[in-house]
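# Inside the fold
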Amino acid sequence: MAGRLQGKVAVVTGGASGIGAATARIFAREGAKVVVSDLQDAAGNAVAAEIGGIYMHHDVTQDKDWKNVMEQTRARFGRLDVLMNNAGIFAGGSIEEVSLELWNRVLAVNLTGVMLGCQHAVAAMKENPGGPKGSIVNVSSITGFIGLANGAAYTASKGGVRLLTKSVAVHCARNYRTIRCNSLHPGAIDTPMNQAAFDASGDPEGMRAFFSGVQPIGRMATPEEMGECALFLASDESSFVTGAELLADGGWLAASGPL
Ligand SMILES: NC(=O)c1ccc[n+]([C@@H]2O[C@H](COP(=O)([O-])OP(=O)(O)OC[C@H]3O[C@@H](n4cnc5c(N)ncnc54)[C@H](O)[C@@H]3O)[C@@H](O)[C@H]2O)c1
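Only a predicted model underlies this, so the values are computations on that prediction, with no experimental measurement involved. (Residues numbered from 1 in each chain as written. Predicted model: local features only at pLDDT ≥ 70, side-chain atom pairs only at ≥ 80, totals over all residues. Heavy atoms only, no water.)

## Some words on the pairing of strand β5 (residues 134–139)
To keep things clear, this is the line we draw: Think of it in three bands: with a 1.4 Å probe and only protein chains considered, a residue is buried below 20% of the maximum accessible area for its type, exposed above 50%, and partly exposed in between. Note on conventions: DSSP H or I runs of at least 4 residues are helices, E runs of at least 2 residues are strands, and numbering of each starts at the N terminus. Strand pairing follows a simple DSSP-based rule, namely that at least 2 bridges must link the two strands. Clockwise travel from the first strand over the helix to the second, with the strands pointing away from the viewer, marks a crossover as right-handed.
The element β5 is largely enclosed, with a buried count of six among its six residues. What you see with β5 is no split at all: G134, I136 and N138 on one side and S135, V137 and V139 on the other are buried throughout. Here four bridges tie strand β4 (residues 82–85) to β5, and the two strands are oriented parallel to one another. Bridging across to β5, L83 finds its partner in I136. As for the winding sense of the linkage, the β-α-β connection from β4 through helix α4 (residues 100–125) to β5 is right-handed. With six bridges connecting them, β5 and strand β6 (residues 179–186) associate as parallel partners. Bridging across to β6, I136 finds its partner in C181.

## A look at the packing of aromatic side chains
As a reminder, the rule being used: Two rings from Phe, Tyr or Trp (for Trp, the six-membered ring) form a pair when their centres are within 6.5 Å of each other. A pair whose planes differ by under 30 degrees is stacked, one over 60 is edge-to-face, and the rest are tilted.
Throughout the structure, instances matching the rule amount to four aromatic pairs. Ring centres of F198 and F211 lie 5.8 Å apart, and the angle between their planes is 15°; this geometry places the pair in the stacked category. Highlighted residues: F198 in helix α6 (residues 192–201) and F211 in helix α7 (residues 204–213), separated in sequence by 13 residues. For F198, a relative accessible area of 1% corresponds to the buried category. The interplanar angle of 85° and the centroid separation of 5.0 Å between the aromatic rings of F210 and F211 together place this pair among those described as edge-to-face. A connected cluster of aromatic rings, assembled from ring pairs, spans F198, F210, F211 and W252.

## Points about the site of the ligand
So the rule is basically this: Distances are taken per atom, and a residue is near a molecule or strand as soon as one of its heavy atoms is within 4 Å of it. Polar contact is the term for a pair of N or O atoms within 3.5 Å; when the atoms are in protein, one must be able to donate a hydrogen and the other to accept it, and sequence-neighboring residues count only if both atoms are side-chain atoms. Note that accessible areas follow from Shrake-Rupley with a 1.4 Å probe, and for residues the cover is restricted to the protein chains shown.
Within the structure, the ligand sits among 28 residues, and S17, D38, Y154, T191 and N194 are positioned closest to it. Contact between the ligand and D38: an oxygen atom at 2.6 Å from a side-chain N or O atom of the residue. Within the backbone of H58, one N or O atom sits 3.4 Å away from a nitrogen atom of the ligand. Protein chains bury 94% of the 820 Å² of accessible surface belonging to the ligand in isolation.

## Examining the side chain of N182
Put simply, the rule is: A contact between two residues is defined here by any heavy atoms of the two lying within 4.5 Å.
By the element assignment, N182 lies in strand β6. With relative accessibility at 0%, the residue N182 sits in the buried group. Residues contacting N182, with those up to four places away along its chain left out, are I136, V137, N138, T165, L233, V241, T242, G243 and A244.

## Considering the packing of helix α1 (residues 18–29) against helix α2 (residues 41–51)
A packed helix pair is summarised by two numbers, namely the angle formed by the two axes and the spacing between the axes. For clarity, the cut-off: For helices, the fitted line uses only the C-alpha atoms of the stretch in contact; every axis is such a line through C-alpha atoms, and the angle between N-to-C directions lies from 0 to 180 degrees. Under this scheme an angle from 65 to 115 degrees is roughly perpendicular, one under 35 degrees roughly parallel, and one over 145 degrees roughly antiparallel; angles in between are oblique. Note on convention: the crossing is left-handed when the near helix lies turned anticlockwise from the far helix by less than a right angle, right-handed when the turn is clockwise. Amino acids are sorted into nonpolar (Ala, Val, Leu, Ile, Met, Phe, Trp, Tyr, Cys and Pro), charged (Asp, Glu, Lys and Arg) and polar (every other residue, Gly among them).
α2 packs onto α1 with a crossing angle of 15° between their chain directions and a minimal axis gap of 10 Å. The orientation of α1 relative to α2 falls into the category roughly parallel. Like other packed secondary-structure pairs, α1 and α2 cross with a definite hand, here right-handed. Two secondary-structure elements touch here, α1 through A21, A24, R25 and A28 and α2 through V47, E50 and I51. Within the contact of α1 with α2, the residues separate by chemical class into five nonpolar, no polar and two charged.

The following block contains the structure:
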């Protein structure tokens, strides 16, 4: 049976770790040729080698790096079908605590990086052999919907990703019909990003218990569960879905408390 991404070419940013690495593996399992991009060269190369893809060093805040990734992808594989804008950083800090430097850093990676990715992906996808076609999956967060008190910059960046996605989606639908853009909103996922935040809190087990309990499903999700959501948005199975939000939070936002 043909894979759900057979014949497609995908770029996954932040593909060396967590949700990105799991998604790269799932895209490859479904027949895509995958470009893994990240700052972590050893881990990124390992993921790429495991799935028969290629790895590229890529800082998503840098326009020149995006140009390079797109040029190399098209030179090697001839097209771009899927961009998973997944690279991101978490930083705590309420509005009273956040420094301008931290704010700018978080916005640069989590929002400007996604904007540059959309810009370069649309330019590549509209030139695909056979005509414009492609799917962009932007990784936002549950904090694209609700405010995290201890995360002013992170919340702002993820809210920005949610609405930027809609602007891109409407532009592409009107101009190219078959280039789509959607956002994925993970709840609490068991990845190195969260483990680092838990460790920094001084009570990692308490934090893990809290984030498991706050999701009515009663546990944190695996990165693979996010990859399977991304797969639906990346594949032609979601051909009429654009500008949409896929919330994958174990029921967190559906609940108003213990009831
Ligand atoms: N883990 C969660 O609970 C959770 C929840 C909601 C949203 N998210 C989002 O999911 C995405 C993936 O997070 P994760 O939990 O897998 O984290 P992770 O830390 O495991 O992976 C993120 C990857 O992004 C890379 N990266 C960071 N800055 C980069 C840059 N400037 N250029 C290129 N790559 C860069 C890192 O090197 C890392 O490999 C992020 O956008 C994150 O905000 C995660």
